Amino acid sequence: MRRFAFHCDLEKVEKIYSDVVIVGSGIAGLYTALNVDDHLFCVIFSKDKKEACNTYLAQGGIAAVTQKDDSFEFHYKDTLYAGAGLCDEEAVRVLVTEGPREIKRLISFGIHFDMDDNCNLHATREGGHTRNRILHCGGDATGKEVVQKLTGLVVNKPNVTLKDDICLIDIITHRGRAEGVLVYEKGYKLYISPNIVICSGGIGQIYQYTTNSQSATGDGIAAAIRAGAKCENMEFVQFHPTALFQTDTSQRFFLISEAVRGEGGILRNVKGERFMVTQHPMGDLAPRDIVAREIFKEIQKSNTSHVYLDITSKSKHFLMQRFPTIYHECKKRDIDISKQWIPVCPVQHYFMGGVKTDLNGMSSIVGLYVCGEAACTGVHGANRLASNSLLEGLVFSRRCAQHINRQAQSLKSFVSHINTIQYNDCTDKKILQEINTAAIRQKIKEVMSKYGGIIRNQKGLSAGLEIIDEILAQFENAYLSTPKDIEAFNMAIIAKKVLVSALRRKQCVGAHYRDDIIQHKEEKVC
Ligand code: SIN
């Protein structure tokens, strides 16, 4: 695979120096920026409008131990159980024990979590949780509240500059150290920095059916792969059981939060029968991978496109207050959820794999940190426990910022060293052909949905890999002139990693399910 996506003479590109460069402005990027010491100059890039990032779209909430009947041990065990035995236990310990502290800090920043009648934090339940511990804002608008408040704080921090419409192209390394990022900012610019933090989010756009925003094309992970960073758990793609069914696959799917089931919602097949109660001891609130697979099977059995989520047991008043976003979005589509069942289907939602990091967000490349969905800290194992992702974004990006604060190399000494780099080493000289990346994007989506989805097997994965390899071969000498072209290259790189890892994992575990391998009976709930 070619080392760089760009083809320009780096010697001639405008260079900007910064103590810290953060790529991505979801919860992980914003929280890193907030926690970087005030004397370190920090620039943070946003690829799209803030409303477009996955954090902003998050409905359910943030899982954290705040209730009397809950404990770190319960949260720890639930996370390990959902992760199907593949979580990094030390990372999970850090996540659950440091989580509540970050919630307190968010509250001190003015983030308004919903309260119960006694003015305590209201906590609900989602799939895989044995206790009520999901905190939420504005009913089902948690991500919106968090992004708005954190963005406000970041833009007012004198040492931080937030820049919109910036697309990451490549991570520049020298003698095994990350030294800068090449970005597209109305033309190429090279940001040189001893501390690069990738918080670019997930990969949902490699699938036809996803809840993810258009910008989730795995840019940071793919650029890190080209730079030689180690990745892990790339086969583990999470499908959310209940997206609102729609026929138009060109738009992202609207999520119906698991919290709807947490508040009493029931899954029914097209005949109106409940099916989860017979499949798992936790019934409709079984871990997400199990529910998604059971829905998929129901859909195949009945030869339809969806099942139903029934929350008609709740009043219109309750639903409008508790789930205003969902209520209004369904209403726009002529579904009154207080009277009608909601048609739902499983779609891609989250990526458990990513760039392997340690407990401080450090990747295998010195100077390159990764946080949020782009990182694989190991907390999610083979299947993420619902609402642990925003918590992971908070806990590990704060640790990452603190590590940078402790290590901060002076920019001056870094700059004098970096001036010795021969940038023309990076220039790719054999760029020849133009390619149709719009058609390639579509092909990748089709291949991944058909062969790399909820249920996989060797034959399909191999067939998919053959097509993706042909696509990657086209990219070898391709002239990638726009950020969209580079996104397509990134999507192909990620698709290949997912398929190769899925082929290697000859086992059904968590979100990775192969129907050509005998499945051990789903473990019983602990
Ligand atoms: C949801 O609200 O169901 C999604 C929350 C999550 O992805 O953790």
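Structure first, text after, so check above.
Fair warning: this is a prediction, and the values are worked out from it, not measured in the lab. (Residues numbered from 1 in each chain as written. Predicted model: local features only at pLDDT ≥ 70, side-chain atom pairs only at ≥ 80, totals over all residues. Heavy atoms only, no water.)

### Focus on the sheet that holds strand 2 (residues 20-23)
Inference 1: The five strands are arranged 7-3-2-11-18 in an open sheet whose pairing can be described as parallel. Each edge of the sheet is formed by a strand with only one pairing partner; in this case those strands are strand 7 (160-163) and strand 18 (368-370). Going across the sheet, the axis of each strand differs from the next one's by a mean of 15°, ignoring polarity.
Inference 2: Where strand 3 (residues 42-45) and strand 7 come together, four bridges link them in parallel fashion. By the bridge assignment, Ile 44 is partnered in strand 7 with Leu 162. (Pairing = 2+ DSSP bridges. Helix = DSSP H or I, 4+ residues; strand = E, 2+ residues; numbered from the N terminus. Axes fitted to C-alpha atoms, helices over the stretch in contact; angles between N-to-C directions.)

### As for unusual backbone geometry
Inference 1: In this structure, Asp 165 is a non-glycine residue whose phi angle is positive, near 60°.
Inference 2: Positive phi outside glycine occurs at Arg 175, with the angle close to 45°.
Inference 3: Tracing the backbone shows Arg 175 in the loop between strand 8 (167-174) and strand 9 (177-184).

### What to know about the environment of Ile 435
Inference 1: Among the secondary structure elements, Ile 435 is positioned in the loop between helix 12 (411-418) and helix 13 (437-451).
Inference 2: By relative accessible area, which is 17% here, Ile 435 ends up buried.
Inference 3: Once the C-alpha coordinates of Ile 435 and Lys 68 are considered, the two residues, 367 residues apart in sequence, prove to be 59 Å apart.
Inference 4: Apart from residues no more than four positions distant in its own chain, Ile 435 is found in contact with Ile 440, Gln 474, Phe 475 and Ala 478. (Buried < 20%, exposed > 50% of the residue type's maximum accessible area, 1.4 Å probe, protein only. Contact = heavy atoms within 4.5 Å.)

### So, helix 13
Inference 1: With 15 residues, helix 13 ought to run about 21 Å at 1.5 Å a step, and its terminal C-alpha atoms sit 21 Å apart, in line with that.
Inference 2: Every buried residue belonging to helix 13 is among Thr 437, Ile 440, Arg 441, Ile 444, Lys 445, Val 447, Met 448 and Tyr 451, and all of these are buried. An end-on view of helix 13 places all buried positions within 170° of arc, on one side of the element. Along helix 13, the residues that are exposed and aim more than 90 degrees away from the buried face are Ala 438 and Lys 450.
Inference 3: Buried positions along helix 13 lie against helix 14 (458-475) and helix 15 (483-504).
Inference 4: In this structure Asn 436 caps helix 13, since a side-chain oxygen of it lies 3.2 Å from the backbone nitrogen of Ala 438. (Expected span 1.5 Å × (residues − 1). Arc of directions from axis to C-beta. Polar contact = N/O pair within 3.5 Å; in protein donor to acceptor, adjacent residues only side chain to side chain.)

### Things to note about the site of the ligand
Inference 1: Around the ligand, the surrounding shell consists of Gly 60, Glu 126, His 240, Leu 255, Ser 257, Glu 258, Arg 288, His 349, Arg 384, Ala 386 and Ser 387.
Inference 2: Measuring from an oxygen atom of the ligand, one finds a side-chain N or O atom of His 240 at 2.8 Å.
Inference 3: A distance of 2.7 Å separates an oxygen atom of the ligand from a polar atom in the side chain of Arg 384.
Inference 4: For the ligand, the accessible surface in isolation is 260 Å², of which the surrounding protein chains cover 94%.
Inference 5: Taken together, the residues that form the shell around the ligand break down as two nonpolar, five polar and four charged. (Near = heavy atom within 4 Å. Areas by Shrake-Rupley, 256 points an atom, 1.4 Å probe, with all protein chains shown as cover. Nonpolar A, V, L, I, M, F, W, Y, C, P; charged D, E, K, R; others polar.)

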